[in-house]
Amino acid sequence: MSSNSSMSPPRQASSNICVTTATFLLLILHNAVGQGNAIAGESFGVAHKSCLTNPDGKCIPWVMDRETVVFEHTVKEGTLQTGNMMRHFWCGGNWPGYENSRLRYYVDDEPTASVDFPFGLGHGSNMMDDDAPWSAGSAFGKTGQPSGIFNTYIVPFTRTIKVTVELRSFLETDQHASTDASPSQSADVKFWIILRGHSTLGNTFTLPGAGAAIPQRARLHTAENHEVSVLPGEQLTVFNSSAKYGALFLVTLAVNSSGGETFLEGCFRAWTPQGELKYVMSSGTEDYFLGTYYFNKGKYTNPVAGLTNLNKGDKFTTFSAYRMHSDDYVGFHDGMAQTWRNWDPEGCDLTGNNPQGPHVNVSSIAFYYTWDSYP
């Protein structure tokens, strides 16, 4: 074979590669957007190191017990995107009440944050144990003590997002934030936070854990109970939505009991907003969180569920656990309510009762998405 037939002009070969690569990338973008798969676009975010950094770069001490804006973003006109989302949170710090501090997301200029949760319960735990590191896969976890909390929760928005923190200096989460704070409240507090998000191209996004595809127009919500007294046989509403469409994402339950562990016999149930039973979601409390026999092998964490605290004392029992529904999809149409019951008999028979059972104090939080139509 001659040398002329075995070689191609280098310039022509480079040009073909460039054209082919560009065409291939355009085809990927066209097919992905056409099929609804989200492609990440431009990123945005912020980081504050030990103090609150203002736009001039000055370090401002954190004010305790008062809501503070830590990040705001408005999408520029003409940006190539079909949607936007916050996607990453991490924070560090150490003071009494840290786990009761709160993170809030205000979506598209809403007056009340639709996503509002405490650092502890919002990340699957009452944070009573010094047992880090642990994680629920890539969705959330804890790397230190008492902090190093992170998540990759997707908070979709269209045009604007505002994120705030309220650093709590007290241990009881039922107190309200003050409108003023003395310098002594913030003088010794160091707090670190990282927030990040990005624009998207596509009609849907996938929940952490490679779960089901959710429409880009969906919005994330939280529903919370704090230290609610629940009688034996009584049901607690974990969340209640009347949305046209929706999907449950994450549930955390924390229980304090002075009368033993029979509360673990309680079943989770799904209802219509009108109070009609749709189906029973679990055959017991530990079963919902993938445990068995009152969690006889102790604590565990994985991408689907985790037992993050179980302290069985002679006179007092504490418990917290989380359940992810990104892979185990729980969707609804025309609304849904979820309940947990303090004790249930065999068969989860609602007519059964347990008059000798313990009164318990329960905290819970549910994250769920809602939307009005499909793409």
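Our structure's up above, just so we're on the same page.
The rules behind these values
- Residues numbered from 1 in each chain as written.
- Predicted model: local features only at pLDDT ≥ 70, side-chain atom pairs only at ≥ 80, totals over all residues.
- Heavy atoms only, no water.
- Salt bridge = Lys/Arg side-chain N within 4 Å of Asp/Glu carboxyl O.
- Helix = DSSP H or I, 4+ residues; strand = E, 2+ residues; numbered from the N terminus.
- Buried < 20%, exposed > 50% of the residue type's maximum accessible area, 1.4 Å probe, protein only.
- Core = buried A, V, L, I, M, F, W, Y, C linked by side-chain atoms within 4.5 Å.
- Contact = heavy atoms within 4.5 Å.
- Pairing = 2+ DSSP bridges.
- Axes fitted to C-alpha atoms, helices over the stretch in contact; angles between N-to-C directions.
- Disulfide = S-S within 2.5 Å.

**Student:** Could you give me a rundown of the pattern of salt bridges, with the residues and numbers involved?
**Tutor:** All chains considered together, the criterion is met by 15 salt bridges. Measuring nitrogen to oxygen at the nearest pair gives 3.0 Å for the salt bridge that ties Glu261 to Lys312. Here Glu261 is found in the loop between strand S18 (245–257) and strand S19 (268–271), whereas its partner Lys312 is found in strand S22 (residues 305–312), with 51 residues between them in sequence. On the basis of relative accessible area, Glu261 is assigned to the partly exposed category, the value being 21%. The structure contains a network of salt bridges with shared partners spanning Glu67, Arg102, Arg104, Asp116, Glu166, Arg168 and Glu224.

**Student:** Requested: an account of the nonpolar core, with residues and values cited.
**Tutor:** Ranked by internal contacts, the top residues of the largest apolar core, which has 54 residues, are Tyr105, Phe191 and Tyr369. Dropping the residues within four chain positions of it, Tyr105 is found in contact with Met86, Phe89, Glu110, Ala113, Ser114, Val115, Phe117, Val155, Ile161, Lys162, Val163 and Leu195. Leu236, Val255, Tyr288 and Phe295 belong to the second largest nonpolar core, which has 29 residues in total.

**Student:** Report on the sheet that holds strand S7 (residues 115–118), specifying residues and quantitative values.
**Tutor:** Taken in spatial order, the four strands make up an open sheet running S4-S12-S6-S7, and their pairing is antiparallel. The open sheet is flanked by strand S4 (67–74) and S7, the only strands paired with a single partner. Here the average twist between neighbouring strands, direction ignored, is 15°. Pairing of strand S6 (residues 102–107) with S7, which is carried by four bridges, proceeds in the antiparallel orientation. When the bridges of S7 are listed, Arg104 appears paired with Asp116.

**Student:** Lay out unusual backbone geometry with the relevant residues and their values.
**Tutor:** Cis geometry marks the peptide bond from Ala132 to Pro133; its omega dihedral reads 10°. If you trace the backbone, Pro133 turns up in the loop between S7 and strand S8 (134–135). The peptide bond linking Gln145 to Pro146 adopts the cis configuration, its omega dihedral lying at 0°. A positive phi angle, close to 70°, is found at Ser50, a residue other than glycine. Even without being glycine, Asp65 reaches a positive phi, approximately 60°.

**Student:** If you had to explain the sheet that holds strand S20 (residues 277–280) to someone new, which residues and values would you point to?
**Tutor:** The sheet built from four strands is open, its strands ordered S17-S25-S19-S20 with antiparallel pairing. Strands with a single pairing partner mark the edges of an open sheet, and in this sheet they are strand S17 (235–241) and S20. Shown here is a sheet whose adjacent strand axes are inclined to one another by a mean of 25°, direction ignored. Pairing of S17 with strand S25 (residues 336–341), which is carried by six bridges, proceeds in the antiparallel orientation. Its bridge partner lying in S25, Thr237 is registered against Thr339.

**Student:** Report on the state of the cysteines, specifying residues and quantitative values.
**Tutor:** Counting across every chain of the model gives two disulfides. A sulfur-sulfur separation of 1.5 Å characterises the disulfide bridge that pairs Cys51 with Cys59. Disulfide Cys51-Cys59: the torsion about the S-S bond is -125°, which places it as left-handed. The exposure class of Cys51 is buried, given its relative accessible area of 7%. Residue Cys59 is classed as exposed on the basis of its relative accessible area of 52%.

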